[in-house]
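# Geometric and topological summary
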Amino acid sequence: MGSDAASTTFGGLERFDPEEGITVLEPGAAGAGNWVGAPSVIYDPSRKTILLTYRRRRPRGGPQPDRGYEACIAESRDGSAFTDIWSVTKDAFSSASMERFCLHRDPAGRYLLYVSYEHPEDGRWRIDVVGADSPDGFDVAAARTVLTPAATGTAAVKDPYVVRVGAAYYLYASTFLTDEGPAPTSLATSLDGVRFRWTGEALGVGAGWDRYQARLTSVVRDGPMFVGFYDGAASPAEDTEERLGVAVSPDLVRWRRLTEDEPWVVSPHATGSLRYVDALDLRDRLLYYEYARPDGSHELRLSRLPRADSGPTSG
């Protein structure tokens, strides 16, 4: 590291330039509200491939079904060229919209897919889980409830991110405390990946650029500490156009933000949104993220960084 490491490094992870990344997937159309992203990635040793979940979204009020209309699982051998192997539309949930999904492979080799969508009965975000023997074999009709607003005393729980350390599963969820916010990250824990115990707030909102929302989207290990990426927003006007922050934790339960004054990395285009980072440690560290384009749409992008120490199991 150079002499300016103190100003460019958090927890051993150097600041990256998203313009040097590559486009993995493009949105279906130009313009604000057209997104492809909300990635979740794992390495599957049984298939020797990278598995990616992602979501496609259209703006509200368009001629086609709007908002989060399709979620997919795609597979790649090199981390950049992906082929879809499974997909679901929001109609399968009778839902107005879907958010981020999260794929996990348990110690027995079974796949767990955590799904996030607006429930048709109350219009509120919730998280379910569905299991399968292969990553292309999910039947969402068999999904089981994981977290609901009613059970957690919140207005919404969505955007799950799951890591496993030993026998313990840690599920982080974006949690709207009221319909108007704020939206911190909350934690639930489990020993089987299906039945979770609600713990409550893990990463609260900040006092400045992230005072409205702080959504933890990925965790990596660096020595004795865990480094977390999170999406921050200052107000409801910035909701859906969040930017990237960094936090650290000694135990996956207590998180402390390092980016109190400003975001860590932003897109140079449009709103500056760079969100939903997920990290995968292989020979390199692969960072997948949703990235604002000049026309206001969002694409799915990949940046490769030098390899860091391996960390908790995210798949």
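Residues numbered from 1 in each chain as written. Predicted model: local features only at pLDDT ≥ 70, side-chain atom pairs only at ≥ 80, totals over all residues. Heavy atoms only, no water.

Further remarks concern the overall build of the protein chain. From N to C terminus, the protein chain includes 2 helices and 22 strands. Against the 2.2 N^0.38 benchmark of 20 Å for 315 residues, the protein chain shows a C-alpha radius of gyration of 18 Å, consistent with a compact globule. With the C-alpha coordinates of the protein chain rotated into their principal frame, the extents come out at 55 × 45 × 40 Å. Counting only residues that meet the buried cut, the protein chain has 60% of its 315 residues in that class. Accessible area of the protein chain: about 12500 Å², with a carbon and sulfur share of 46%. Looking at charge distribution, the protein chain has the averaged site of its 35 positive side-chain charges lying 3 Å from that of its 45 negative ones. (Helix = DSSP H or I, 4+ residues; strand = E, 2+ residues; numbered from the N terminus. Rg over C-alpha atoms; globule rule 2.2 N^0.38 Å. Buried < 20%, exposed > 50% of the residue type's maximum accessible area, 1.4 Å probe, protein only. Areas by Shrake-Rupley, 256 points an atom, 1.4 Å probe, with all protein chains shown as cover. Lys, Arg positive; Asp, Glu negative; His and termini not counted. Charge placed at Lys NZ, Arg CZ, Asp CG, Glu CD.)

Overall, the coordinates contain 24 salt bridges when judged by the stated rule. Arg 257 serves as the salt-bridge partner of Asp 210, at 3.0 Å between the closest nitrogen and oxygen. Taken together, the residues Asp 210 in the loop between strand S15 (197–203) and strand S16 (213–222) and Arg 257 in strand S19 (residues 256–257) connect sequence positions 47 residues apart. Judged by its relative accessible area of 0%, Asp 210 is buried. For Arg 257, a relative accessible area of 14% puts it in the buried group. Ionic pairing is found between Glu 299 and Arg 293, a salt bridge with its closest N-O pair at 2.7 Å. Pair check on accessibility: Glu 299 and Arg 293 agree, each one buried. (Salt bridge = Lys/Arg side-chain N within 4 Å of Asp/Glu carboxyl O.)

Spatially, the 4 strands line up as an open sheet ordered S12-S13-S14-S15, and their pairing is antiparallel. Each edge of the open sheet is held by one strand with a lone partner, namely strand S12 (156–165) and S15. In this sheet, neighbouring strand axes are inclined to one another by 30° on average, regardless of whether the strands run parallel or antiparallel. Relative to strand S13 (residues 168–176), S12 runs antiparallel, the two sharing 8 bridges. Of the residues in S13, the one forming a bridge with Lys 158 is Ser 174. (Pairing = 2+ DSSP bridges. Axes fitted to C-alpha atoms, helices over the stretch in contact; angles between N-to-C directions.)

When the pLDDT values of the protein chain are averaged, the result is 93; 93% of them are 70 or greater. Here residues 1–7 is modelled with pLDDT under 50, and outside its nearest four sequence neighbours on either side it reaches 4 contacts, counting other chains as well. (pLDDT = per-residue confidence, 0-100. Contact = heavy atoms within 4.5 Å.)

This brings us to the environment of Pro 18. If you trace the backbone, Pro 18 turns up in the loop between strand S2 (13–14) and strand S3 (22–25). With 271 residues separating them in the primary sequence, Pro 18 and Tyr 289 have C-alpha atoms 9.2 Å apart. With residues up to four places along the chain from it excluded, the contact list for Pro 18 reads Val 265, Val 266, Leu 274, Tyr 289, Tyr 291, Arg 301 and Ser 303.

Roughly 430 Å³ of internal volume is contained in the largest pocket. In terms of lining residues, the largest pocket is bounded by 25 residues, among which Arg 67, Glu 99, Trp 125, Lys 158 and Asp 239 are the most central. Looking at the lining of the largest pocket, the elements with two or more residues in it are strand S5 (49–58), strand S6 (67–76), S12 and strand S20 (274–281). The class makeup of the residues in the lining of the largest pocket is 7 nonpolar, 5 polar and 13 charged. (1 Å grid on protein atoms, 1.4 Å probe; cavity = no way out; pocket = protein on both sides within 12 Å on 5 of 7 lines; lining within 4 Å. Points joined across faces, edges and corners; volume = space filled by probe spheres on them. Nonpolar A, V, L, I, M, F, W, Y, C, P; charged D, E, K, R; others polar.)

As a general feature of sheets, a regular strand has side chains that alternate between the two faces. Bridging between S6 and strand S7 (residues 83–89) involves 6 bridges; their strand directions are antiparallel. If you follow Ile 73 over to S7, its bridge partner there is Trp 86. Hairpin connection from S6 to S7: 6 residues lie between these consecutive antiparallel strands, with Gly 79 at a positive phi of about 90°.

Omega for the bond connecting Gly 181 with Pro 182 falls within 30 degrees of zero, at 0°, which places this linkage in the cis form. Here Pro 182 lies in the loop between S13 and strand S14 (185–190). Within the chain, Thr 240 stands out as a residue other than glycine whose phi angle is a positive 85°. By the secondary structure assignment, Thr 240 is in the loop between strand S17 (225–233) and strand S18 (243–249). With a relative accessible area of 27%, Thr 240 lands in the partly exposed category. Here the phi dihedral of Ala 270 falls at roughly 50°; this positive angle occurs in a residue that is not glycine. Structurally, the position occupied by Ala 270 is in the loop between S19 and S20.

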